[in-house]
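Below are the chains, spelled out letter by letter.
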Amino acid sequence: MDVKQMFKRFLFALLLVYFDLILVVMGQDQSGFISIDCGRLPKNSTYSESSTGLKYISDEPFIQSGVSKSILAEYKSTLQDQVAYVRSFPQGIRNCYRINVTIGIRYLVRATFLYGNYDGLNQLPEFDLHFGVNFWDTVKFDSVVISNRKEIIHIPSKDNVQVCLVHTGSGTPFISALELRPLKNTTYVTPYGSLSLLLRADIGSTINGSYR
C-alpha cells in the first residue's frame, strides 16, 4: 500500500471518529434537562442549538420582568445560539427566575452571562447573583465577548428554585442563559448545603484547550 492510499484511509477513519462524536453529542439523552435561553425572541420559542443539539426554550414562562435585548450582530456568528440574546433588568433592585424542579433530585444549575455590548454603552457591568435568598456570587467581566458562567450543585427541598439578579449600582444586571441538569445522587455528596464551582479541569490533558 502506497503512502497516498494510507493517508486516504487515515483521513476516512478520522472522519468516522469525528462524525461519531457529533452523533454522541447530538443524540444525547436530554430527559430532565432544563435549558432556558434568556431574552430569546420570539416569545415562547424553542430550538435546538446548532453546535450541540441541546434543546432550548424561551424564558418567558419563568420570569415576569426585564426586557429582551440582542447582542451586537458582529459577535453572533462566532458564538453559540443561546447567548445571542440577553434579558436585561433596568428596573428594580432584585429580579428573579422561578423554575419548577423535582424535590430531592441533585441538580447542577448553570447561569451564563455574555455582555456582547447589547446596550451599546460598551461598559462592562457588575452585579450580584443570588440563589433564592442566599448570595451566590458577584458577576464581573473581563471582555465584551467572553462569557462568565456560574455553577452551583443543589438538592431542592421544595418544588422550585429561584435564581435572582441583584442591582449593586455598577451597571444593569442581565443574563444570557440558565441551565439545570439532573445529577446522580451519588455525585458530589455533601452532608448539607450546596456546592459552588471553583474550577473544572481535565488533569493530565496535553492540549491547552476546552471542550464541553
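In this text the structure is predicted, and so the values were computed from the model without any measurement.

Chemist: Tell me about the overall build of the chain, and name the residues and values.
Modeler: When helices and strands are counted, the chain shows two helices and 14 strands. Scored against the burial criterion, the 212 residues of the chain give a buried share of 38%. Considering only contacts in the chain between residues 6 or more positions apart, those separated by 24 or more positions represent 72%. Carbon together with sulfur atoms contributes 57% to the accessible area of the chain, which is approximately 13000 Å² in total.

Chemist: Please provide a residue-by-residue account of the state of the cysteines, values included.
Modeler: Evaluation of the coordinates by the stated rule reveals one disulfide. The disulfide that involves Cys-96 links it to Cys-164, with 2.0 Å between the sulfurs. Because the torsion about its S-S bond is 110°, the bridge between Cys-96 and Cys-164 counts as right-handed. In this pair, Cys-96 sits in strand 6 (residues 94-100) while Cys-164 sits in strand 11 (residues 160-170), placing the two residues 68 residues apart along the sequence. A residue is classified by how much of its surface remains accessible, and Cys-164, at 0% relative accessible area, is buried.

Chemist: Please provide a residue-by-residue account of the sheet that holds strand 12 (residues 174-175), values included.
Modeler: Sheet architecture is open: three strands sit in the order 4-5-12, paired in antiparallel fashion. Every other strand in the sheet has two partners, leaving strand 4 (67-70) and strand 12 as the edge strands with one partner each. The pairing of strand 5 (residues 85-88) with strand 12 spans two bridges and is antiparallel. Residue pairing across strands places Ser-88 opposite Phe-174, the latter belonging to strand 12.

Chemist: Could you give an account of the layout of surface pockets, naming the residues involved and the relevant values?
Modeler: Of the pockets and cavities examined, the second largest pocket occupies roughly 260 Å³. In terms of lining residues, the second largest pocket is bounded by 14 residues, among which Phe-131, Gly-132, Asn-134, His-154 and Lys-158 are the most central. Elements represented by at least two residues in the lining of the second largest pocket include exactly strand 9 (134-139), strand 10 (148-154) and strand 11. Counting residues per element, the lining of the second largest pocket draws most heavily on strand 11, which supplies three residues.

Chemist: I'd love a proper account of the side chain of Thr-112, names of residues and values included.
Modeler: Looking at the secondary structure, you find Thr-112 in strand 7 (residues 106-113). Assessed through its relative accessible area of 5%, Thr-112 is described here as buried. Beyond its immediate stretch of four places on either side in the chain, Thr-112 contacts Val-83, Ser-147, Asn-148, Arg-149, Ile-175, Ser-176, Ala-177 and Glu-179.

Chemist: Before we move on, could you go through the sheet that holds strand 8 (residues 126-131) and cite the residues and values that matter?
Modeler: Hydrogen bonds between backbone atoms are what pair the strands of a sheet, whose relative direction is either parallel or antiparallel. With antiparallel pairing, the four strands of this open sheet are ordered in space as 6-11-8-9. Of all the strands in the sheet, the pair left with one neighbour each is strand 6 and strand 9. Averaged over all neighbouring strand pairs, the angle between strand axes comes to 25°, with direction disregarded. As paired strands, strand 8 and strand 9 are joined by five bridges and run antiparallel to one another. Looking at the pairing, Phe-127 lines up with Val-139 of strand 9.

About the cut-offs
- Per-chain numbering applies: the sequence of each chain, read as written, is numbered from 1 onward.
- The predicted nature of this model means local features are confined to residues of pLDDT at least 70 and side-chain atom pairs, given and counted, to a pLDDT of 80 or more, with totals for whole chains, interfaces and linings taken over all residues.
- Heavy atoms throughout the structure, all of them, feed into the side-chain values; hydrogens and water do not.
- Labels follow the DSSP assignment, with helices taken as runs of H or I lasting at least four residues and strands as runs of E lasting at least two, numbered in each case from the N terminus.
- A 1.4 Å probe rolled over the protein chains alone gives each residue an accessible area, and that area as a share of the maximum for its type sets the label: buried under 20%, exposed over 50%, partly exposed in between.
- Should any heavy atoms of two residues lie within 4.5 Å, those residues are considered in contact.
- Each accessible area is a Shrake-Rupley estimate made with a 1.4 Å probe; only the visible protein chains count as cover when residues are assessed.
- Cysteine sulfur atoms are paired as a disulfide whenever they fall within 2.5 Å.
- Note on pairing: DSSP must find at least two bridges between two strands before they are called paired.
- Residues are said to line a cavity or pocket when one of their atoms sits within 4 Å of a point; the points come from a 1 Å grid over protein atoms alone, cavities being sets where a 1.4 Å probe fits but cannot get out and pockets being open sets with protein on both sides within 12 Å along at least five of seven lines.
- Grid points are joined across faces, edges and corners, and a volume is the space filled by probe spheres set on the points.
- Angular values range over 0 to 180 degrees, each being the angle between N-to-C directions of two axes fitted as lines to C-alpha atoms, with helices fitted over their stretch in contact.

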